Amino acid sequence: MKIVKANAGALTNFEVLDFLNSRGASKDTTRVIAPIARSEYKVYDYLLETAASTQTRESVNKFADKCKDFKIAKAEILNIINLRPSSIVELDPIIEKAPEGQEERVIDTDGILELVKDLLPPLPTTETETPKDNDEEETDNGEQS
């Protein structure tokens, strides 16, 4: 592998996951054979539980291009891609506020959230416990009826 430009910029979680996949990281039981450090596997396992695992290069690039219309910083776009906010409460801390004395910039947060919903795939679902049959009801003192 040849380094074209060192420290060219920050990477999205998707790009890191893609890089680890290209180096041989996987959930396979034979993964100990791959030339990946233990710490890289920890990063890989973590990223599989984030939005990065469902994203594609096309969706990330398309989202980044469309975000340029909102006049937000590259770092903010990167964080939105990595965190995939689904509400104003999750998006608001990502968008930097103007320092005191400067004109407040107006950001269409609803438009950004709409783009997130349209262009970035949903977060991966986690396996939850299957609900047990509710044929038997528990009484107040913990006995089955």
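Please refer to the structure placed before this passage.
The sections below set out a description of the structure shown in this document. (Residues numbered from 1 in each chain as written. Predicted model: local features only at pLDDT ≥ 70, side-chain atom pairs only at ≥ 80, totals over all residues. Heavy atoms only, no water.)

1. Focus: the packing of helix 1 (residues 13-22) against helix 2 (residues 38-47)
Between helix 1 and helix 2, the least distance of the axes is 10 Å, while the angle of their chain directions is 125°. In terms of their interaxial angle, helix 1 and helix 2 are classed as oblique. Considering how the two elements wind past one another, helix 1 and helix 2 form a crossing that is left-handed. Between helix 1, through Asn-13, Val-16, Leu-17, Leu-20 and Asn-21, and helix 2, the contact on the second element is made entirely by Glu-40, Val-43, Tyr-44 and Leu-47. (Axes fitted to C-alpha atoms, helices over the stretch in contact; angles between N-to-C directions. Helix = DSSP H or I, 4+ residues; strand = E, 2+ residues; numbered from the N terminus. Parallel < 35°, antiparallel > 145°, perpendicular 65-115°, else oblique. Left-handed = near helix turned anticlockwise from the far one by under 90°. Contact = heavy atoms within 4.5 Å.)

2. Thoughts on the nonpolar core
Phe-63, Ile-72, Ile-80, Ile-95 and Ile-112 are the most contacted members of the largest nonpolar core, which has 27 residues in total. Listed by contribution, the elements that provide at least two residues to this core are helix 1, helix 2, helix 3 (57-67), helix 4 (74-83) and helix 6 (109-119). The dominant element in this core, judged by the number of residues it contributes, is helix 6, at five residues. If sequence neighbours within four positions are ignored, Phe-63 has contacts with Ile-77, Ile-80, Ile-81, Ile-112, Leu-115, Val-116, Leu-119 and Leu-120. (Core = buried A, V, L, I, M, F, W, Y, C linked by side-chain atoms within 4.5 Å. Buried < 20%, exposed > 50% of the residue type's maximum accessible area, 1.4 Å probe, protein only.)

3. Quick word on a negative patch on the surface
There is a patch of like negative charges on the surface, built from Asp-108, Asp-110, Glu-114 and Asp-118. Of note, Asp-108 is situated in the loop between helix 5 (88-91) and helix 6. (Patch = residues over 30% accessible without salt bridge, like charges linked within 9 Å, V, L, I, M, F, W, Y side chains within 5 Å. Areas by Shrake-Rupley, 256 points an atom, 1.4 Å probe, with all protein chains shown as cover. Salt bridge = Lys/Arg side-chain N within 4 Å of Asp/Glu carboxyl O. Lys, Arg positive; Asp, Glu negative; His and termini not counted. Charge placed at Lys NZ, Arg CZ, Asp CG, Glu CD.)

4. A few points about helix 3
Taken together, the buried positions of helix 3 are Ser-59, Val-60, Phe-63 and Cys-67. Here the buried residues of helix 3 occupy an arc of 100° about the axis, which is enough to place them on one side. Residues of helix 3 that are buried make contact with helix 1, helix 4 and helix 6. (Arc of directions from axis to C-beta.)

5. Quick notes on helix 1
Residues of helix 1 that are buried: Asn-13, Phe-14, Leu-17 and Leu-20. All buried residues of helix 1 fall inside an arc of 125° around its axis, so they share one side. As for helix 1, its buried residues are in contact with helix 2, helix 3 and helix 4. Gly-24 lies just past helix 1 and shows a positive phi near 110°.

6. Considering the side chain of Arg-84
Topologically, Arg-84 is positioned in the loop between helix 4 and helix 5. Despite its burial, Arg-84 pairs with no opposite charge, the nearest such side chain being Glu-90 at 7.0 Å. Of note is the side chain of Arg-84, whose polar atom sits 3.1 Å from the backbone oxygen of Leu-120. When neighbours within four sequence positions are excluded, Arg-84 is seen to be in contact with Ala-51, Asn-79, Glu-90, Val-116, Lys-117, Leu-120, Pro-121, Pro-122 and Leu-123. (Polar contact = N/O pair within 3.5 Å; in protein donor to acceptor, adjacent residues only side chain to side chain.)

7. Topic: the environment of Ala-25
You can see Ala-25 is positioned in the loop between helix 1 and helix 2. Taking C-alpha positions, Ala-25 is 6.8 Å from Ile-36, a pair spaced eleven residues apart along the chain. Not counting the four nearest positions on each side in its chain, Ala-25 is found in contact with Leu-20, Ile-36, Tyr-41 and Tyr-44.

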